[in-house]
Structure formats: C-alpha cells, structure tokens
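The lines below spell out each chain.
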Amino acid sequence: ERIDFRPLFYITIINNKNFKTMDDQNLDYQEETKTGLKTKLFSFHIDFVKLEIPYNYWHINFENLVEHQTIKNQYTIKPEIWEFHKNFSLYLAKKKAVVKFSLPYFLNGHNFCKLYLEDFWEIEKFMSKQLGLEIEFAEVKELEFGAYEKIDIDAKDYINSIVGIKNYELEKSTGGFKMFGDRKRNFHYKIYDAVANAKAKKTFTLGNYPKEGLIKHEIKLTNTSPYFDSVFYNDLYEPFASYWDELEKDLIDSQKSLVLKNRDSKPLLNSDFTNILFAGLKLYENGTATENVVKSLFDLIENSALTPSQKSKRRKAISILENSYNQKF
C-alpha cells in the first residue's frame, strides 16, 4: 500500500525511510490543510521543477542520454531507459547541470495525481543510477505547485468569466486558460480546464480524468529566491519544512481571491473612488455582498462604465488599502 505524501500525515521519520502515518484525513473534494484552511481544492502536489546540480562530467552516463539536434550540451533521456522521457530536459553548463521536468508527468505520464514520499526517492535513485546526477541537495530554482477543483458548470465558461485576482496583471488568456502575475515577486497564478488540457496532451485516458468539470489551479515561481531563502530537492519531501504550508496557503488564498463577472450587479451612481467604497458598504448593509470585501469592490468596478485603465487604477488603490489594513487587524 502506498503511503500518502503530505506533511500533515507524518509523525516521525527514523533513518530517513522508516516512518509512521496518521489516517488519511482527506475528504473527497473537501480538504483541511495543516494550516487549518478549508478548501475545495484536492490532490495538492509539486509539479514542474528546475534544479541546479553541481556535477562531475566523468560521472555523467551519456549512454542513457540523447543530445539535442541543435542545442549543444542539452539532452533528453533515451526512450528505452524511461517510459515518460519526453518531459525531461538536461543542460550541462560548466559547473552546474540544469534539469527541468514535471515530477508527476515524469513518474506517471500525467499530473492528475498526488505525489508520495517514495516517488521522490524513486526519482532520486533514477537520476543517480541511470544519469550520474545526485539531486538530493540540488537547488530548486523554479517550481510549480498545484491542486484540482471540481466544478458543476462548464470549465471554459467559468475560466472566461474570471476578471482578475488581487492586483495581478493578466499575462496570458486563451480558451480555457488564464495566467495572472506579480512580476516583482516572480509569482504567477494559472487556472485552466484540466480535461481539455489532458486531451490536448493525449493524457486523458492514462490519467483517468473525469469527462468534464475539472479545473487546475497552479502557483508558478519563476525564481524561488524572492519567495524562499533557499529550497533544495530534499526539502520538497521533508515533512517538517514549511514550504508546503506556505505554498498551500498562497494557492488557497489565490483561488478564493478570484474575481468573477457579476452580470446582476446594479450600476454605480458614480464611478469615483468614494462612490465605489460607499456602494460596497451598501452591499453589506443589504446582505448582497460576497464574503470578501475586495471581491465585492472589484465586482463593482468591473461592472462599471470605467475604462480598463481606470478599473486597473481603482483595483490597485483597493489592494493597497487591503494590504495596509491587513497589517493592523
């Protein structure tokens, strides 16, 4: 029986591989995380990583690698060595090897799954034995952390109805996919139709995806340094490290901060900042506001007659107030 990889479930670790677990406390689509936050998200996992690894050229097993046709010193794994080889990329610089791959795709050929402790060890063992790379203390330079959500409406329509999230910029938008970002933090948030994505990548049957109503939420850190002091590969499966807590909290907060189009909102009497704030108070007075103040105000702004530039400025001003008052309460 596989042991579910979640920091919540580990009590002790002895000699790095002898451990006890608590009963799996996950509900089907309602999880309570270690931080105490309740969410409809499930199957939290590390997805993509970019690792930097000090290496010895003479230890690299080139017999198991295929060099890129046009890029010198860049390699993939031979198909006969590993079934899901297409996801993997290795670049050998002078002093460090750079490895890029999705952990769940590398192991399972899809990412509609959780990760388990022995999955991390399996990758570690493969890299050492088959490629000559010791990744246990490899530095994680980039990573993606994600989870799934079941919805009862059309996924594409739901994603297209998303107006924004906090004061992040809209960086990319296609049918069934949106990405918002805070470039100063190298922080990006992705949401997409997981079923459509699986069909496009031809992993739908392999991953046993549902026919519809499944979306993926992901945090993408294009540079982990502004976010964490440092994080290494073995930290990703260390049960007492705080990385999981922080990533889970940010993912849940991001999901709850999504602002959707509200076609039923009454127009503002005036679109200046004072009117927006007072209209927000009236929503709370008559009980029609959402549970989140910022979301209610963003809804009012989105359904106003303001230009896109004016809407952006109003949202930014509200975000500044939100951050300032959060420090006091």
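Quick note: structure is the one above.
To start, this report covers the structure provided alongside it. Along each chain, residues carry numbers from 1 onward, in the same order as the chain's sequence is written. Local features in this predicted model are restricted to residues whose pLDDT is 70 or higher, and side-chain atom pairs enter the listing and the counts only when it is 80 or higher, whereas totals over whole chains, interfaces and linings include all residues. Water and hydrogen atoms play no part in the side-chain values, which are based on all heavy atoms of the structure.

### Thoughts on the sheet that holds strand β8 (residues 89-92)
Whether parallel or antiparallel, the strands of a sheet pair through hydrogen bonds between backbone atoms.
Part 1 of the argument: Paired strands, in this sense, are two strands between which DSSP finds at least two bridges. Elements are defined by DSSP. Helices are runs of H or I of four residues or more, strands are runs of E of two residues or more, and each kind is numbered from the N terminus. Spatial ordering of the open sheet is given by β6-β7-β8-β9-β5-β10-β15-β14-β13-β12, a layout of ten strands whose pairing is antiparallel. Pairing within the sheet leaves two strands with one partner each, and these edge strands are β6 (65-67) and β12 (169-174). Taking each pair of neighbouring strands and ignoring which way they run, the sheet shows an average axis angle of 20°.
Part 2 of the argument: The sheet contact formed by strand β7 (residues 74-77) and β8 spans two bridges and is antiparallel. All axes are obtained by fitting lines to C-alpha atoms, using only the stretch in contact for helices, and the reported angles, taken between N-to-C directions, cover 0 to 180 degrees.

### What about the packing of helix α8 (residues 293-302) against helix α9 (residues 308-326)?
Part 1 of the argument: Interhelical geometry of α8 versus α9 gives an angle of 165° and a closest axis separation of 10 Å. Taken together, the axis directions place α8 and α9 in an arrangement best described as roughly antiparallel. In this structure, the crossing between α8 and α9 has a hand that is right-handed. Seen from α8, the contacting residues are V294, L297, F298, I301 and E302; seen from α9, they are K311, R314, R315, I318, S319 and E322.
Part 2 of the argument: Amino acids are sorted into nonpolar (Ala, Val, Leu, Ile, Met, Phe, Trp, Tyr, Cys and Pro), charged (Asp, Glu, Lys and Arg) and polar (every other residue, Gly among them). Among the residues making up the contact of α8 with α9, the classes are represented as five nonpolar, one polar and five charged. Note on terminology: angles under 35 degrees are roughly parallel, angles over 145 are roughly antiparallel, angles of 65 to 115 are roughly perpendicular, and the others are oblique. The crossing is said to be left-handed when, going from far helix to near helix, the turn is anticlockwise and less than a right angle, and right-handed when the turn is clockwise. Residue contacts are counted whenever heavy atoms from the two residues lie within 4.5 Å of one another.

### A few points about unusual backbone geometry
Part 1 of the argument: The phi dihedral of S43 is positive, around 55°, even though this residue is not glycine.
Part 2 of the argument: Locating S43 in the fold gives a position in strand β5 (residues 42-54).
Part 3 of the argument: Accessible area is worked out with a 1.4 Å probe on protein chains only. A residue is then buried under 20% of its type maximum, exposed over 50%, and partly exposed in between. Judged by relative accessible area, which is 10%, S43 ranks as buried.
Part 4 of the argument: The phi dihedral of N186 falls on the positive side, at around 55°, and the residue is not glycine.

### Details of helix α6 (residues 243-256)
Part 1 of the argument: Its 14 residues place the ends of α6 20 Å apart at the C-alpha level, agreeing with the 20 Å of an ideal helix rising 1.5 Å per residue.
Part 2 of the argument: Along α6, the positions that sit buried rather than exposed are Y243, W244, D245, L247, E248, L251, I252, S254 and Q255. How far a helix is expected to stretch is found by multiplying one less than its residue total by 1.5 Å.

Keep in mind that these numbers describe shape and distance, not what the molecule does.
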